[in-house]
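If you want the building blocks of each chain, they are given just below.
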Amino acid sequence: MSPTRSVVVTGASRGIGHAIARRFLAEGWRVITCARADVPDACGIDPNWICHFVADLADPAGADAFVAKVNALLGTAPLHALVNNAGVSPKTPYKERLGVLNGPIAGWKEVFELNFFAPLRLSRGFASALHRGQGAIVNITSIAGHYVHPFAGSAYSTSKAALSGLTREMAAELAQLGIRVNAVAPGEIRTEMISPEYEALVPRIPLERMGSAEDVAGTVFRLCGEDFAYVTGSEVFVTGGQHLY
């Protein structure tokens, strides 16, 4: 691969992850992605969308295999950014979010495997390539990791709180490699995955609207650029001000 700036984006087949990948493409970066599903055929038209891997990062073997494939693709070339976006907020068979008193404990472990351990595995796996690129890591956390959210569920919320803590620790440890680590915490973002119940939360948002996937993507992109070269260990709330209350 050429020394053109490169980024790895997880969970890029739809929603926020797809918007993030497309923002980097629009800025001329080379993009490598993964998701449990394939991306639309139209994505293959752009020659800078180097490769998309269908991978289940909740499976440790799947995460390790993805890292190995990307590192083989990179060779000795640097990686300039890693965006840990893939995440899950499953429901019980009774259509409830996993909580403290409902749902199997095994379900909690599955949530943490993707929302917490996968970012840790990928950050470790790409540390050498990111060191070569003096790159940046952005972890996608959530407003639900900081406040009790009516629809998120305890398993999802605590996994995102853990990822916020991991972001700070990674920033401290990876600074010695010249790698910056930050997080972006979205609030209510309108995507194809959002359900009608979320409309009830709009009156709590000072900007009086839900955010867009592009709102998140723009913030992620800027955190990976030179304008933020002295920013690490921070978490940016993309919530329209909802986190103020």
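- Under the annotation held in an unreviewed UniProt entry, the protein carries the name SDR family NAD(P)-dependent oxidoreductase and is attributed to Phaeospirillum tilakii.
- Under the Sequence similarities (unreviewed entry) heading, UniProt states for the protein: "Belongs to the short-chain dehydrogenases/reductases (SDR) family."

**Topic: the overall build of the protein**
Point 1. Regarding its fold elements, the protein presents six helices and nine strands.
Point 2. For the protein, whose C-alpha radius of gyration is 17 Å, the value lies close to the compact-globule estimate of 18 Å for 245 residues.
Point 3. Here the protein, with 245 residues, has 51% of them falling under the buried criterion.
Point 4. Contacts spanning at least 24 positions in sequence make up 69% of the contacts within the protein whose residues lie at least 6 apart.
Point 5. In the structure as shown, the protein presents an accessible area of about 11500 Å², 56% of it carried by carbon and sulfur atoms.

**Quick look at the layout of surface pockets**
Point 1. Approximately 1100 Å³ is the volume attributed to the largest pocket.
Point 2. For the lining of the largest pocket, the secondary-structure elements that each account for two or more residues are α1 (15–26), β2 (30–35) and α5 (154–174).
Point 3. Looking at the lining of the largest pocket element by element, the count peaks at three residues for α1.
Point 4. Residues belonging to the lining of the largest pocket are distributed by class as follows: 21 nonpolar, 13 polar and five charged.
Point 5. Considered class by class, the residues forming the lining of the second largest pocket number six nonpolar, three polar and one charged.

**A look at the environment of Asn182**
Point 1. Tracing the backbone through its elements, the reader meets Asn182 in strand β6 (residues 180–186).
Point 2. If near-sequence neighbours (up to four positions away) are discounted, Asn182 is found in contact with Ile137, Val138, Asn139, Thr167, Leu223, Val231, Thr232, Gly233 and Ser234.

**Focus on empty space enclosed by the protein**
Point 1. One pass over the full model with this rule turns up one cavity of 30 Å³ or more.
Point 2. For the largest cavity, the calculated volume is near 30 Å³.
Point 3. Along its surface, the largest cavity is lined by Thr10, Leu57, Asn84, Asn85, Ala86, Leu114, Ala118, Pro119 and Leu122.
Point 4. The leading source of residues in the lining of the largest cavity is helix α3 (residues 105–125), at four residues.
Point 5. Residues belonging to the lining of the largest cavity are distributed by class as follows: six nonpolar, three polar and no charged.

Criteria and cut-off values
- Residues numbered from 1 in each chain as written.
- Predicted model: local features only at pLDDT ≥ 70, side-chain atom pairs only at ≥ 80, totals over all residues.
- Heavy atoms only, no water.
- UniProt positions renumbered as here; feature names shortened; annotations may be inferred.
- Helix = DSSP H or I, 4+ residues; strand = E, 2+ residues; numbered from the N terminus.
- Rg over C-alpha atoms; globule rule 2.2 N^0.38 Å.
- Buried < 20%, exposed > 50% of the residue type's maximum accessible area, 1.4 Å probe, protein only.
- Contact = heavy atoms within 4.5 Å.
- Areas by Shrake-Rupley, 256 points an atom, 1.4 Å probe, with all protein chains shown as cover.
- 1 Å grid on protein atoms, 1.4 Å probe; cavity = no way out; pocket = protein on both sides within 12 Å on 5 of 7 lines; lining within 4 Å.
- Points joined across faces, edges and corners; volume = space filled by probe spheres on them.
- Nonpolar A, V, L, I, M, F, W, Y, C, P; charged D, E, K, R; others polar.

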